[in-house]
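The chain contents come next:
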Amino acid sequence: MHIIAEIRRRHFVDGESISAIARSLKISRPTVRKHLKTEQEPVYQRRSQPTPKLGLFKPLLVQWLEMDATLPRKQRRTGQRLFEGLQEEGYNGAVDSVWRFVRKWKAEQGRAPTIKQAFIPLEFDPGDVCQFDWSTETVEIDKQVQSVKVAHFRLAYSRKPFVIAYPNEKQEMLMDAHNQAFSFYGGVPQQMIYDNLKTVVDQVKAGKERQFNQRFMALANHYLFKPVACTPAAGWEKGQVENQVGNIREWLFTPRVKFDSFEALNQWLATRCDELSQKKHPLQKSQTIAECFAKESPLLRQITTPFV
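Residues numbered from 1 in each chain as written. Predicted model: local features only at pLDDT ≥ 70, side-chain atom pairs only at ≥ 80, totals over all residues. Heavy atoms only, no water.

A.B. asks: An account of the nonpolar core is needed here, citing residue identities and associated values.
C.D. replies: With 36 residues, the main nonpolar core has F132, F153, F216 and F225 as its most contacted residues. Secondary structure elements with two or more residues in this core: β1 (129-141), β2 (144-155), β3 (161-166), α7 (171-185), β4 (191-194) and α8 (214-223). With seven residues, α7 is the single largest residue contributor to this core. Aside from chain neighbours lying at most four places away, what touches F225 is R9, H178, F182, V188, P189, Q190, M192, Y194, F216, L219, A220 and R301. Counting 15 residues, the second-largest nonpolar core is a separate cluster that includes V139, I248, F253 and V257. (Core = buried A, V, L, I, M, F, W, Y, C linked by side-chain atoms within 4.5 Å. Buried < 20%, exposed > 50% of the residue type's maximum accessible area, 1.4 Å probe, protein only. Helix = DSSP H or I, 4+ residues; strand = E, 2+ residues; numbered from the N terminus. Contact = heavy atoms within 4.5 Å.)

Dropping the structure here:
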């Protein structure tokens, strides 16, 4: 799903040709054309690559890997050398099976190759970035006091906020929150920045590399935005929306608000977000947030249909 999303973004957003994408990703042009028509996540029947011939040799391979891990990096055997060693022991399978097993073992042991860390910029162009976060607030719905989950969106250039409340933060709520936010903004930014939420990220790898949730990637693929996950313990990478959480709590949820339904609460929250946009922009002090958003709005990608 990740390669499909990249192909669609590069063609539909960046205007890159099918031939250029095929050359860059080293895939055929028919494959690129097929993926350009794909929005839903593919279904695979086989979830793992079998290695029947390697099976009997796995204990020996693990023993070699554990021994190599105690050696200086330059003295460790490559995947090719390990493969050749297994051949001397009677292994007659493919080298790819050995390489896959070595990569998986190193990843599980936390010894995967280090990826140079990338940093998320603190200055943003119009239409480029939106930051996302959840908060927990206490409200009164239909005369019942309850904790609710509030989805926070913040356009990084204009600082335009959008918040919407749900009973919980399950993935269905995450998906609906994006539909509502993009409808509110009238378009979609180039990138969305997140914490490493379980509904967004399945696995945190080295540096900025992530294994994104397949269902979430279907959402990103539909709207053609690039998802970016923060470095663990680096909240400053989405500091705007983290500051927004505290401000919104003070401005909108203190004292406790009372509504008959979630629908009434969320209508009020959307109205208040528009009202808060009349505040002065923190950097462009001669303009309001709403005036900066007026510049940003035309640069957001237009929505054709909501994600289902």
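A.B. asks: How would you explain unusual backbone geometry if you had to name every residue and give the values?
C.D. replies: The residue after T254, namely P255, is reached through a cis peptide bond having omega -5°. Tracing the sequence through the fold places P255 in the loop between α9 (239-252) and β8 (258-259). Phi angles above zero are rare outside glycine, and D142 is one such case at about 55°. The residue D142 is located in the loop between β1 and β2 in this model. In this structure D142 comes out as exposed when scored by relative accessible area, which is 51%. One non-glycine residue, K143, lies in the positive phi region at around 70°. With respect to the secondary-structure elements, K143 resides in the loop between β1 and β2. Residue classification places K143 among the exposed positions, given a relative accessible area of 74%.

A.B. asks: An account of helix α6 (residues 95-108) is needed here, citing residue identities and associated values.
C.D. replies: Spanning 14 residues, α6 covers 20 Å between terminal C-alpha atoms, matching the ideal 20 Å at 1.5 Å per step. For α6, every residue scored as buried is listed here: V95, S97, V98, F101, V102 and W105. Across the axial projection of α6, the buried residues extend over an arc of 155°, all falling on one side. Among the exposed residues of α6, those oriented more than 90 degrees off its buried face are R103 and K104. Taken from the residues just after α6, G110 is the one with a positive phi, measuring 75°. (Expected span 1.5 Å × (residues − 1). Arc of directions from axis to C-beta.)

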